[in-house]
Structure formats: structure tokens, C-alpha cells
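Observations on the model geometry
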Amino acid sequence: DVKVTQSSRYLVKRTGEKVFLECVQDMDHENMFWYRQDPGLGLRLIYFSYDVKMKEKGDIPEGYSVSREKKERFSLILESASTNQTSMYLCASRTDALGVQPQHFGDGTRLSIL
Amino acid sequence: QKEVEQNSGPLSVPEGAIASLNCTYSDRGSQSFFWYRQYSGKSPELIMFIYSNGDKEDGRFTAQLNKASQYVSLLIRDSQPSDSATYLCAVKGQFYFGTGTSLTVIP
């Protein structure tokens, strides 16, 4: 089974801090994704990556950046955390770039910015 | 216009009934459609997916596509309390997810 592991289940940070969310997958997938999930807004794509050192903006990239130095690891960075970034963050991976294969999600990181 | 929309519900059905969930999409050229189930506090897990060439049945679940009206349905037959969850629809390479429909199956 594909395993997507997010480094923290719960995280509390302060406004202005630089925050790192880590995601690791064990199935050699080229494609990795970061979403945030908010009540009433559903899952929204922040950034995705098709390969090492490649990144593409999703629907809501403002205030975020990403890093993919190794194939198995995709990091989401909040450059200067703000309260409106309090959310559930979900990482996912899959084999194909077109999105016709299923995605595998991590357990999520519930991030609170105080 | 949103890429994908779902009725947030909640949808309640008695145990053993058929639950019908719908998802409308805006891009007429969409080729693949995914249904994920998400239990409270958990991450989404794939239920099933279909391509634009036809419907699909998998056990108690059936996904149907209506291209003319641009919606895809998920039918759950013989609904069980364990089916109580939020169901998410995804389109356009799974770059866009609906807000989800909350389903409650009443014993």
C-alpha cells in the first residue's frame, strides 16, 4: 500500500513565524500535491510538483512556497504565518501528471496560527 | 463559475436505502471524475472513478455520468451506517474538488 506520511498531526504556531510542513511518500510517485481544507470551501490546491525541483502554483499559492529536493519529500512553507492560514493541510501523491490515476492522501496536519 | 459543485447536504437516508449524491462540473471537456469518501477527522480515500466513456459499478457503489447535463452521480445501494461520511467529487485532473456532501445513514 502507498504510504503518505505527514510529519505532524497537530501544530500550533504564532503569527509571523516561518512554518514548515513535511510530507514523505514511499511509492516513488513523481507527482505530489499540497491542499488545504476549510469548512464550506472544500479542498483547495496550493502547490503541486511533477518532479524533483519542479513546482507549479495551484489555486491559492499566496503566502506559501514549496520545496522538493528529493523525489519522496515535498515540503510546504508558510513564509510568515498569519491567522487566516489556520486550516487542515493535506498532502497527496500519485503516479501520473494528468490526474487520471487515484491520489493517495496523508493523514493531514491541523495547523493553528495564534 | 466554480469548476465543480456539490450540494453540501446533509443528506439523510435510512439503512438499506439508496443514497444518491450529485456533482456538477463546468468544463464540458472533462475526461475523468473521482469520488472520495472522508470520515470525520480523517483524510479522503478513493471510492471509485470513471472516465468519460461510461458508467461504473463496484459492489454497492455505482458512478454515473450525464455529459449532456454535466453532472456525475454516486449511488450507494443498501446504505449502511458505516457509509456515513462526507463524499467529495474531483474533476480536471483532481486539481479541483467539490466542497463535499455529508451523508448520514440512519439505523
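Look up: the structure comes first, before these words.
Counting starts from 1 at the beginning of each chain's written sequence and moves along it residue by residue. Written order determines the labels here, with chains lettered from A and ligands numbered from 1. It should be noted that, the model being predicted, local features are given only for residues of pLDDT at least 70 and side-chain atom pairs only at 80 or more, the latter also being counted only at that level, while totals for whole chains, interfaces and linings use all residues. For side-chain calculations, the full set of non-hydrogen atoms in the structure is used, while hydrogens and water are omitted.

Re the overall build of chain B
Summing up its helical and strand segments, chain B has zero helices and 11 strands in all. Comment: elements are numbered from the N terminus, with helices defined as DSSP H or I runs of at least four residues and strands as E runs of at least two. Beginning at the N terminus, the succession of helices and strands in chain B can be written as β-β-β-β-β-β-β-β-β-β-β. The C-alpha atoms of chain B give a radius of gyration of 13 Å, which matches the 13 Å a tight globule of 107 residues would have. Its C-alpha atoms put chain B at 40 × 25 × 20 Å along the principal axes. The buried label goes to any residue with under 20% of its type's maximum accessible area, the exposed label to any with over 50%, and the partly exposed label to all in between, with areas taken from a 1.4 Å probe on protein chains only. Buried positions account for 45% of the 107 residues belonging to chain B. The long-range share in chain B, meaning contacts at least 24 apart out of those at least 6 apart in sequence, stands at 53%. Here Asp and Glu are counted as negative and Lys and Arg as positive; His is not counted, and neither are the chain ends. A single reference atom marks each charge: NZ on Lys, CZ on Arg, CG on Asp, CD on Glu. Here chain B contributes 9 positively and 10 negatively charged side chains, and the mean placements of these two sets differ by 4 Å. Throughout, radius of gyration means the C-alpha value; the globule benchmark is 2.2 Å times the number of residues raised to the power 0.38. We call two residues in contact when some of their heavy atoms are within 4.5 Å.

So, unusual backbone geometry
Residues other than glycine seldom take positive phi values, yet K53 of chain A does so here, at roughly 65°. Here K53 of chain A lies in the loop between β5 (42-49) and β6 (56-57). In the Ramachandran plot, Q70 of chain B falls in the positive-phi region, its phi being about 60° despite a non-glycine side chain.

Quick look at the interface of chain A and chain B
With 23 residues of chain A at the interface, the matching set in chain B holds 18 residues. When chain A packs against chain B, close to 1500 Å² is buried across both sides, 54% of that on carbon and sulfur atoms. We define buried area as the total accessible area lost by two parts upon association, computed with a 1.4 Å probe and summed across both. For chain A, the biggest contributors to the area lost against chain B are L43, V100 and F105 of chain A; these three give 28% of the whole. For this analysis, a salt bridge means a side-chain nitrogen from Lys or Arg found within 4 Å of a carboxyl oxygen belonging to Asp or Glu. Where chain A packs against chain B, one counts zero salt bridges. Polar contact is the term for a pair of N or O atoms within 3.5 Å; when the atoms are in protein, one must be able to donate a hydrogen and the other to accept it, and sequence-neighboring residues count only if both atoms are side-chain atoms. Put simply, chain A and chain B have eight residue pairs in polar contact (both at pLDDT 80 or more) between them. Of all elements in the fold, only β4 (31-38), β5 and β9 (87-94) of chain A reach the threshold of two or more residues within the side of chain A that touches chain B. A total of four residues in the side of chain A that touches chain B trace back to one element, the largest contributor, which is β5 of chain A.

Focus: the pattern of salt bridges
On inspection of all chains with the given rule, the structure shows 13 salt bridges over all chains. The closest approach of N and O atoms between R77 of chain B and E57 of chain B, which form a salt bridge, is 3.4 Å. Here the residue R77 of chain B occupies a position in the loop between β8 (71-76) and β9 (85-91), and E57 of chain B occupies one in strand β6 (residues 56-58), the gap between them amounting to 20 residues. Judged by its relative accessible area of 28%, R77 of chain B is partly exposed. Residues joined by salt bridges that share partners form a network here, namely D28, E30 and K71 of chain A.

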